[in-house]
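# Chain and residue survey
Given next are the chains, with one letter for each unit.
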Amino acid sequence: MPTTVQEMLAAANAAVPRISGADAKALHDSGQAVFIDLREPAELAASGKVPGALPIPRGLLEFRVDPSSPQRDPALSKPVVVTYCASGGRAALAGKVLQELGYADVRNLGGFKDWVEAGGTVEKA
């Protein structure tokens, strides 16, 4: 029987811990986490991003984070990976994929608005 998107989201949300904007800020300040912004370029241009976040649209994620990929950013060697998007769905799905690719500590911030509402600074994209 086919899997629905809702089932995929439920499995991803069960596998990837959701963190608050305040927790995300603390991780960002510690320098131990790399943030991945999964939104499309137009979304980033309209609102900015978490400072230093890697802009990787969800459709390119697997190709850009695979440990054997020549396109893999060295920042992905940090111990914690935090994903976010506009509302949290893409971030949850991406977090599960990251775990499947061997990333041990992946967390889902949810939406960019969660970062902003927690007082996080914004960098132009």
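See the structure shown above.
Reference entry: report on the structure contained in this document.

### Re the nonpolar core
With 17 residues, the main nonpolar core has Ile36, Leu61, Val65 and Leu98 as its most contacted residues. Secondary structure elements with two or more residues in this core: strand S1 (33–37), helix H4 (61–65), strand S3 (80–85) and helix H5 (89–100). The element that contributes the greatest number of residues to this core is H5, accounting for 4 residues. When neighbours within four sequence positions are excluded, Val65 is seen to be in contact with Ile36, Ile56, Arg72, Leu76, Leu98, Leu101 and Tyr103. In terms of nonpolar packing, the next biggest core, distinct from the first, is built from 13 residues, Ile19, Val50, Tyr84 and Leu109 among them.

### Observations concerning the packing of aromatic side chains
Applying the stated criterion to the full structure yields 2 aromatic pairs. Considering the side-chain rings of Phe35 and Trp115, the 5.7 Å spacing of their centres and the 65° angle between planes classify their relative orientation as edge-to-face. Separated by 80 residues along the polypeptide, Phe35 in strand S1 and Trp115 in helix H6 (residues 112–117) bring together distant segments of the chain. For Phe35, a relative accessible area of 2% puts it in the buried group. On the basis of relative accessible area, Trp115 is assigned to the buried category, the value being 2%.

### Observations regarding the packing of helix H1 (residues 5–15) against H5
A pair of packed helices is characterised by two quantities: the angle between their axes and the separation of those axes. Contact pair H1 / H5: the axes reach a minimum separation of 8 Å and the direction vectors enclose 65°. Crossing of H1 over H5 shows left-handed handedness. Only Gly89, Ala92, Leu93, Lys96 and Gln99 of H5 make contact with H1, whose side of the interface consists of Met8, Leu9, Ala11, Ala12, Asn13 and Ala15. Classifying every residue of the contact of H1 with H5 by side-chain character gives 7 nonpolar, 3 polar and 1 charged.

### Quick word on helix H2 (residues 21–30)
Along H2, the residues classified as buried are Gly21, Ala24 and Leu27. Each buried residue of H2 lies within a common arc of 120° when the element is viewed along its axis, so the set occupies one face. Exposed residues on H2 whose side chains face more than 90 degrees from its buried face are Ala22 and Asp29. Tucked into the core, H2 has its buried residues touching S1, S3, strand S4 (106–111) and H6.

### Some details on the sheet that holds S3
Within a sheet, adjacent strands bond to each other through the backbone by hydrogen bonds, running parallel or antiparallel. Spatially, S2-S1-S3-S4 is the arrangement adopted by the 4 strands of the open sheet, whose pairing is parallel. Two strands close off the open sheet at either side, each with one partner strand: strand S2 (54–55) and S4. Bridge analysis of S1 against S2 gives 2 bridges, and the strand direction is parallel. Each residue of the ladder has a partner; that of Ile36, found in S2, is Leu54. Each of S1, S3 and S4 is contacted by H5, which is oriented at about 150° to S3, the strand it contacts most.

Each value, and the rule that gives it
- Residues numbered from 1 in each chain as written.
- Predicted model: local features only at pLDDT ≥ 70, side-chain atom pairs only at ≥ 80, totals over all residues.
- Heavy atoms only, no water.
- Core = buried A, V, L, I, M, F, W, Y, C linked by side-chain atoms within 4.5 Å.
- Buried < 20%, exposed > 50% of the residue type's maximum accessible area, 1.4 Å probe, protein only.
- Helix = DSSP H or I, 4+ residues; strand = E, 2+ residues; numbered from the N terminus.
- Contact = heavy atoms within 4.5 Å.
- Phe/Tyr/Trp six-rings, centres within 6.5 Å; stacked < 30°, edge-to-face > 60°.
- Axes fitted to C-alpha atoms, helices over the stretch in contact; angles between N-to-C directions.
- Left-handed = near helix turned anticlockwise from the far one by under 90°.
- Nonpolar A, V, L, I, M, F, W, Y, C, P; charged D, E, K, R; others polar.
- Arc of directions from axis to C-beta.
- Pairing = 2+ DSSP bridges.

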